[in-house]
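Working through the structure, step by step
Each chain, letter by letter, is given below.
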Amino acid sequence: TINDETVELVQPYFEMEDYTLMHGKKVCGNVAGLLSWTQAMVVFYGVNREVLPLKANVAKQEGRLKIANAEKEKAQAELDEKQAELDKVQAKFDAAMKEKMDLENDAETCKRKMQAASALIDGLSGEKVRWTQQSKEFKAQIKRLVGDILLCTGFLSYCGPFNQDFRNLLLKDLWEAELRAHKIPFSEDLNIISMLVDQPTISEWNLQGLPGDHLSIQNGIIVTKASRYPLLVDPQTQGKTWVKNKEQDNELQVNRISKK
């Protein structure tokens, strides 16, 4: 019930010199308590006058806060609902993106395969002319095969004892003339060496000590291809060295015949 008028009426008392707690105690303890109480009420009134609007404002703000919290809860519920929908959509999106990446990878793989296939087709188309020509050559070789085999078997059977010049005489001048006379097809440029042995075998023979000239290679062919065992006339011992190296893994036995 204190108001501004009451506070104004007691202000003159507060300005008196003897209106203090100390003077009140000198007169009477109860008076001192009353004096202190009046001062405290005035101070309370001044403080309360500022606090009351704050309390009212707090109550008002609490009401707003309650409304805001309710709105917040409602908005949070909507947010949770939307987040659930977003999660579902995100899951579909991730699945679609994965499918897209798989399709892109498959398309890239297919593209590389197509490019490789195109390159292969282009390369094969470039080989078509050569294959056609080679096919024709194979047919011609088949026709000439009988004569070529006759020359090779004659070489293996009869040319062993002779030197290079006489071997060429037999092959080119005599036997080829007989084939022509009997109209047996054969290769005019027949290479006996390439017909009877491949290049890796020749290289292996060279590593084993056989010389690389044509006569030595021909002798190596006769040694390895002829049906009869060879007799080597070998004053330089090159053939002996080659045979030992060639057959060392086959438990070759070497016998020496001494003259008495």
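Quantities reported herein were computed from a predicted structural model and do not represent experimental measurements.

**Points about the overall build of the protein chain**
Within the protein chain one finds eight helices and zero strands. Its helices and strands taken in sequence order, the protein chain reads α-α-α-α-α-α-α-α from the N to the C terminus. In summary, the protein chain has a C-alpha radius of gyration of 62 Å against a globular reference of 18 Å for 260 residues, an excess of more than 25%. For the protein chain, long-range pairs separated by at least 24 residues make up 56% of all intrachain contacts whose partners lie at least 6 apart in sequence. Of the side-chain charges in the protein chain, 35 are positive and 38 negative, and the distance between the mean point of each set is 12 Å.

**Some remarks on the UniProt feature "coiled-coil region" (unreviewed entry) in the protein chain**
Mapped onto this structure's residue numbering, the UniProt feature "coiled-coil region" (unreviewed entry) falls at residues 58-120. Helix makes up 100% of residues 58-120 and strand 0%, and the two end C-alpha atoms of the span are 86 Å apart.

**A few points about the packing of aromatic side chains**
Applying the stated criterion to the full structure yields two aromatic pairs. Taking the centre distance of 4.6 Å and the plane angle of 50° together, the rings of F162 and F166 count as tilted.

**Examining the side chain of S187**
Take S187: it is sitting in the loop between α4 (164-181) and α5 (192-196). With relative accessibility at 8%, the residue S187 sits in the buried group. A distance of 2.8 Å separates polar atoms of two side chains, one belonging to S187 and the other to R144. Those residues within four positions of S187 in sequence are excluded, and the remaining contacts are R144 and D148.

**Some thoughts on the domain arrangement of the protein chain**
By the assigned domains, the protein chain splits into domain 1 (4-77) and domain 2 (141-246). Relative placement of domain 1 and domain 2: their C-alpha centres are 134 Å apart.

**Notes on the environment of N3**
Inspection of the secondary structure puts N3 in the segment before α1 (4-15). Once the C-alpha coordinates of N3 and G46 are considered, the two residues, 43 residues apart in sequence, prove to be 9.8 Å apart. In this structure the side chain of N3 is engaged in a polar contact, spanning 2.8 Å, whose partner is the backbone nitrogen of T6.

**Side note on a nonpolar patch on the surface**
On the surface, a nonpolar cluster with roughly 310 Å² of combined accessible area is contributed by F162, F166, L169 and L174. In this fold, F162 is placed in the loop between α3 (29-158) and α4. For F162, a relative accessible area of 33% gives the class partly exposed.

The rules behind each value
- Residues numbered from 1 in each chain as written.
- Predicted model: local features only at pLDDT ≥ 70, side-chain atom pairs only at ≥ 80, totals over all residues.
- Heavy atoms only, no water.
- Helix = DSSP H or I, 4+ residues; strand = E, 2+ residues; numbered from the N terminus.
- Rg over C-alpha atoms; globule rule 2.2 N^0.38 Å.
- Contact = heavy atoms within 4.5 Å.
- Lys, Arg positive; Asp, Glu negative; His and termini not counted.
- Charge placed at Lys NZ, Arg CZ, Asp CG, Glu CD.
- UniProt positions renumbered as here; feature names shortened; annotations may be inferred.
- Phe/Tyr/Trp six-rings, centres within 6.5 Å; stacked < 30°, edge-to-face > 60°.
- Buried < 20%, exposed > 50% of the residue type's maximum accessible area, 1.4 Å probe, protein only.
- Polar contact = N/O pair within 3.5 Å; in protein donor to acceptor, adjacent residues only side chain to side chain.
- Domains from an automatic or database assignment.
- Patch = residues over 30% accessible without salt bridge, like charges linked within 9 Å, V, L, I, M, F, W, Y side chains within 5 Å.
- Areas by Shrake-Rupley, 256 points an atom, 1.4 Å probe, with all protein chains shown as cover.
- Salt bridge = Lys/Arg side-chain N within 4 Å of Asp/Glu carboxyl O.

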